[in-house]
Amino acid sequence: VPTAEQHRAQVAANRELYDEIGGRRSAHPDWALTILFYAAVHEIAALLVEKRGTVIGSGYAWPVTTHGDRYGVLVKHTPWNRLATYYDNFYRWSRRTRYDCEMPDEDRLRKMEDVLERIREEIAALG
Amino acid sequence: MSLLYPEASTASGREITLRSYLGQADTSVRLVFVSPSLETLSEARSRVRRFDIAEWRNVVEQFAENSRELDADAEVWASTEPELLVTVVTARDDLDHELALHAIFVDSVRNLDEPAMGGLVVRTPDDARTRQLYLGQRLR
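Quantities reported herein were computed from a predicted structural model and do not represent experimental measurements.

Here we take up the sheet that holds strand β4 (residues 85–89) of chain B. The mixed open sheet is built from four strands, whose spatial order is β5-β4-β3-β6 (chain B). Each edge of the open sheet is held by one strand with a lone partner, namely β5 (120–123) and β6 (137–138) of chain B.

As a further point, take the side chain of Asn14(A). In this structure, Asn14(A) sits in helix α1 (residues 4–20). For Asn14(A), the residues in contact, after removing those within four places along its chain, are Ile35(A), Tyr38(A) and Ala39(A).

Time to look at the pattern of salt bridges. Here the structure, examined in full by the defined rule, presents 23 salt bridges over all chains. One salt bridge in this structure joins Glu113(A) and Arg24(A), with 2.6 Å as the shortest N-O distance. Highlighted residues: Glu113(A) in helix α6 (residues 106–126) and Arg24(A) in the loop between α1 and α2 (29–50), separated in sequence by 89 residues. Given a relative accessible area of 15%, Glu113(A) falls into the buried group. Among the ionic pairs, Arg96(A) bridges to Asp127(B), the shortest N-O distance being 3.3 Å. Separated into two different chains, Arg96(A) in helix α5 (residues 81–98) and Asp127(B) in helix α3 (residues 125–130) make up a pair that spans both.

This next bit is on the interface of chain B and chain A. Across the contact, 36 residues belong to chain B and 34 residues belong to chain A. Each partner contributes to the roughly 2,700 Å² buried at the junction of chain B and chain A, and carbon and sulfur atoms together form 48% of this total. On the surface where chain B and chain A come into contact, there are seven salt bridges. Linking Arg92(A) and Glu83(B) is a salt bridge whose minimum nitrogen-to-oxygen distance equals 3.3 Å. Our enumeration of links across chain B and chain A arrives at 17 residue pairs in polar contact (both at pLDDT 80 or more). Secondary-structure elements contributing two or more residues to the side of chain B that touches chain A are α2 (95–109) and β5 of chain B. The element that contributes the greatest number of residues to the side of chain B that touches chain A is α2(B), accounting for nine residues.

It is worth spelling out the nonpolar core at this point. Leu48(A), Tyr71(A), Phe90(A), Ile119(A), Phe63(B) and Phe105(B) are the most contacted members of the largest nonpolar core, which has 59 residues in total. Look past the residues within four positions of Tyr71(A) in its chain and what remains in contact with it is Ala84(A), Tyr87(A), Asp88(A), Phe105(B), Val106(B), Val109(B), Pro115(B), Ala116(B) and Met117(B).

Residue and element names in this part refer to chain B. Scored by pLDDT, chain B comes out at a mean of 78, with 70% of its residues at no less than 70. Averaged pLDDT values for the elements of chain B fall to 51 in strand β1 (residues 16–18) and rise to 96 in α2. Confidence over residues 1–15 falls short of pLDDT 50; this stretch has 34 contacts with residues more than four positions distant or in other chains. Across residues 20–26 the pLDDT falls below 50, and counting only partners more than four positions away or on other chains, this stretch makes 13 contacts in the model. We note a pTM of 0.84 for the whole complex and an ipTM of 0.94 for its interfaces.

With that out of the way, let us pick up the layout of surface pockets. Of the voids in this model, the second largest pocket is the one considered here, and its volume is about 330 Å³. Lining the second largest pocket are 18 residues, with Trp93(A), Arg96(A), Arg108(A), Asp93(B) and Asp127(B) positioned closest to its centre. Among the secondary structure elements, those contributing two or more residues to the lining of the second largest pocket are α5 and α6 of chain A together with β5 of chain B. Sorting elements by how many residues they give to the lining of the second largest pocket places α6(A) first, with three residues. Residues belonging to the lining of the second largest pocket are distributed by class as follows: four nonpolar, two polar and 12 charged.

Rules of the game
Residues numbered from 1 in each chain as written. Chains lettered and ligands numbered in written order. Predicted model: local features only at pLDDT ≥ 70, side-chain atom pairs only at ≥ 80, totals over all residues. Heavy atoms only, no water. Pairing = 2+ DSSP bridges. Helix = DSSP H or I, 4+ residues; strand = E, 2+ residues; numbered from the N terminus. Contact = heavy atoms within 4.5 Å. Salt bridge = Lys/Arg side-chain N within 4 Å of Asp/Glu carboxyl O. Buried < 20%, exposed > 50% of the residue type's maximum accessible area, 1.4 Å probe, protein only. Buried area = accessible area lost by both parts, 1.4 Å probe. Polar contact = N/O pair within 3.5 Å; in protein donor to acceptor, adjacent residues only side chain to side chain. Core = buried A, V, L, I, M, F, W, Y, C linked by side-chain atoms within 4.5 Å. pLDDT = per-residue confidence, 0-100. 1 Å grid on protein atoms, 1.4 Å probe; cavity = no way out; pocket = protein on both sides within 12 Å on 5 of 7 lines; lining within 4 Å. Points joined across faces, edges and corners; volume = space filled by probe spheres on them. Nonpolar A, V, L, I, M, F, W, Y, C, P; charged D, E, K, R; others polar.

Next up, the structure:
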């Protein structure tokens, strides 16, 4: 099971890759959004590693390995509901780009950068 | 009863979901109780699908009602194919509004055993016009 530090290193690596492929002006905006989505996944995964007692107390088995269970924990534990909102939004957009062939424009990528930053700030505020 | 398969034949009843609490990575197992004298496995699958759709409709109706105050002018559509989705068509194209709708959606799925993730799509009217396939039935 990866540590919180390993998840955070993956967040940083994803952000670096996002910038390398051009960020919000990337020629591959679908992949740019997907990279941001997985940065968000790792941000949340790091939180769940550090708060595994809360995860188990919410009725979920450890480790949490699926998007559905990760989301379920965030929904069931009320203080994490704002994160559930951001994750839900990110997940749907990642599906829209990957499966429905919807190309995100520069404005959408800017918004998803914003959502990723909100996730980071929310986790920091949770302490 | 075998747990090698996601469905197992036992007495009649409704769908339940089991989850292991052994502290190890696990896979959710859905048990479908089948009455062999009353239905085939295919019929049981259809019954579970109807159950999922009925449960989904409750979520969507609750969402449609709870989001009315936030955005009374928005259209709310429910679809079950190709997947269970609720689509909000709104002229308000800003991130805070989009996230406020997702917050209401999160609240609507809270009481499900397995909260449905990613079931909300927010579209502008222009966007919706080009993708009517996914809109389904209009609720408001």
